Amino acid sequence: MSDEASTPAYLNIDRENAPGVVVGRKSREAVAARDKQAWLDNFADDGIVEDPVGPSMFDEQGVGHRGRQALSEFWDKTIGTTEKLDFVFDDEIICGNEVAYVGKIVTHIAGHISEAHGVFTYRADANGKLSALRAFWEVEKTMQTLRPA
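Description of the structure in this document. Not measured: the values here are computed from a predicted model. (Residues numbered from 1 in each chain as written. Predicted model: local features only at pLDDT ≥ 70, side-chain atom pairs only at ≥ 80, totals over all residues. Heavy atoms only, no water.)

**Notes on unusual backbone geometry**
Rules: By the criteria applied, helices consist of DSSP H or I runs no shorter than four residues and strands consist of E runs no shorter than two, each listed in order from the N terminus. For each residue, the accessible area found with a 1.4 Å probe, counting protein chains only, is set against the maximum for its type, and the residue is called buried under 20%, exposed over 50%, and partly exposed in between.
Note the cis peptide between Asp 51 and Pro 52, where omega equals -5°. Secondary-structure assignment places Pro 52 in the loop between strand E1 (43–50) and strand E2 (65–66). One non-glycine residue, Arg 34, lies in positive phi territory at about 60°. Summarising the element assignment, Arg 34 is placed in the loop between helix H2 (19–33) and helix H3 (36–41). Look at Arg 34 and you get partly exposed, because its relative accessible area is 32%. One non-glycine residue, Ala 110, adopts positive backbone phi at about 50°. Tracing the chain through its elements places Ala 110 in the loop between strand E4 (98–109) and strand E5 (112–124).

Structure follows, in structure tokens:
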């Protein structure tokens, strides 16, 4: 048995093809392409978005957006209202079927820019679908970055 074959996966992470990395990349590519259907198709049937985690103007109860209809509505009131979103990640932490990125999402909307600094996580299910997208960022701090483009 070779050393590589006997090395556990958590000590030999495939950083390009780890399940969380793949579903996260597909999600961001769909956003960049402004392709709502591709973004929705990347999700598991019971997939959830919590962006941001907890109560916000997008989710007053703070329970997230679960299932195809809720995810479609989330796109329409968030991603769909933007001109562009830039994902600027400084660090990537892969654990099993999940990945966490530390960095910021830069939102371009109505001639303005804001920056949401935080931690952004993607979890893949056993079928390679996005089961959870969670974004830890503070609304108030993000609003303070709002400026003309």
